[in-house]
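Read off the chains here:
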Amino acid sequence: MIGLIFATRTEARPFLDWSRAMRIDTKPFGVFQVPSKPELFVIISGMGKVVSAVACHSLIKEFKVEEIVNAGACGALRDEKRFAPGELFCITSAAEGDHEKPGTPRQPLISDGQFDWDLPAARLMTCDRPVFDADWRSKLAEGGDLVDMEGAAVARVAAMHDVRWSMVKGITDMAVPTDRAELKRNLTAVSEKICRLLWRQLRDY
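The notes below deal with the structure included here. (Residues numbered from 1 in each chain as written. Predicted model: local features only at pLDDT ≥ 70, side-chain atom pairs only at ≥ 80, totals over all residues. Heavy atoms only, no water.)

1. Notes on the overall build of the protein chain
Selection criterion: In DSSP terms, a helix is any run of H or I states spanning at least four residues, a strand is any run of E spanning at least two, and both are numbered starting from the N terminus. This radius of gyration counts C-alpha atoms alone. The globule rule is 2.2 Å times how many residues there are, raised to the power 0.38. Throughout this description, buried means an accessible area under 20% of the type-specific maximum (1.4 Å probe, protein chains only), exposed means over 50%, and partly exposed covers the range between. The contact criterion used is simple: two residues touch if any of their non-hydrogen atoms lie within 4.5 Å. Methods summary: accessible areas were calculated by the Shrake-Rupley approach with a probe of 1.4 Å, and residue burial reflects only the protein chains presented.
Per the secondary structure count, the protein chain includes 5 helices and 12 strands. Relative to its length of 205 residues, the protein chain is compact, with a C-alpha radius of gyration of 16 Å against a globular reference of 17 Å. Projected onto its principal axes, the C-alpha positions of the protein chain cover 45 × 40 × 30 Å. A buried classification covers 54% of the 205 residues belonging to the protein chain. Once local pairs closer than 6 in sequence are excluded, the contacts in the protein chain between residues at least 24 apart make up 74%. Looking at the protein chain as shown, the accessible area adds up to about 9600 Å², and 51% of this sits on carbon and sulfur atoms.

Structure representation (structure tokens):
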């Protein structure tokens, strides 16, 4: 069983359309199952670490998934050319950028998923609120290349249950103060690009 986690309906919509996924649950999350691949479940968690962690737990405990795939939008923490809006990455490690034990930063979790996404690798930092602050962006860049609001929480819950996880993230913006509008402009196109890759890979696994 494979569980695919998206934060928002916008990010999930292309995959749901192409796979013709059918809704099988609504509370507390929208959960869908793919008729042509009944071992493939999709859940829309909502934005943020708490809801994404609960959604991951739900997939593992209620739907008995054996691997988690988290996919969706992210911001870039680096100004290098390869981290441009529209580019997709496979996440090799994920860490919480705004949480630490007293005096000890959280250690990143390393992806152990089975899928070869054939994408460049990147490290992910996860924070509970969007990063559009130059100083904070610079601080986060010390430990990662990309930033989102869900990934590390999903990875932590999967690891707690000894469930494999992988992530595909697409850059919508450069995580700077002027990029809120750019995120909205790019979100649909980036989501379609991510979902096209996911469907191509997952329909044949």
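2. So, the environment of Ser138
Along the chain, Ser138 turns up in helix H3 (residues 134-140). Classification of Ser138 as partly exposed rests on a relative accessible area of 47%. Taking the C-alpha atoms as reference points, Ser138 and Cys56, separated by 82 residues in sequence, lie 29 Å from one another.

3. Focus: a nonpolar patch on the surface
What counts is decided by this rule: Nonpolar side chains (Val, Leu, Ile, Met, Phe, Trp, Tyr) within 5 Å and like charges within 9 Å form the patches, drawn only from residues with over 30% relative accessible area and no salt bridge. A side-chain nitrogen of Lys or Arg and a carboxyl oxygen of Asp or Glu constitute a salt bridge if their distance falls within 4 Å.
Taken together, Val50, Val51 and Val54 make up a surface patch of nonpolar side chains, about 230 Å² in accessible area. Along the polypeptide, Val54 turns up in helix H2 (residues 49-62).

4. Some details on the layout of surface pockets
Counted only if it meets this: Both site types are read off a 1 Å grid over the protein atoms alone. A 1.4 Å probe that fits but cannot get out defines a cavity, while an open set with protein on both sides within 12 Å along at least five of seven lines defines a pocket; lining residues have an atom within 4 Å of a point. Grid points are joined across faces, edges and corners, and a volume is the space filled by probe spheres set on the points. Classification convention: Asp, Glu, Lys, Arg as charged; Ala, Val, Leu, Ile, Met, Phe, Trp, Tyr, Cys, Pro as nonpolar; all other residues, Gly among them, as polar.
Of the pockets and cavities examined, the largest pocket occupies roughly 410 Å³. Met47, Pro130, Met149, Asp173 and Leu183 are, among the 22 residues lining the largest pocket, the residues nearest its centre. Secondary-structure elements contributing two or more residues to the lining of the largest pocket are strand S5 (67-76), strand S11 (146-148), strand S12 (164-173) and helix H5 (180-202). The leading source of residues in the lining of the largest pocket is H5, at 4 residues. Looking at the lining of the largest pocket residue by residue, the class counts come to 12 nonpolar, 3 polar and 7 charged.

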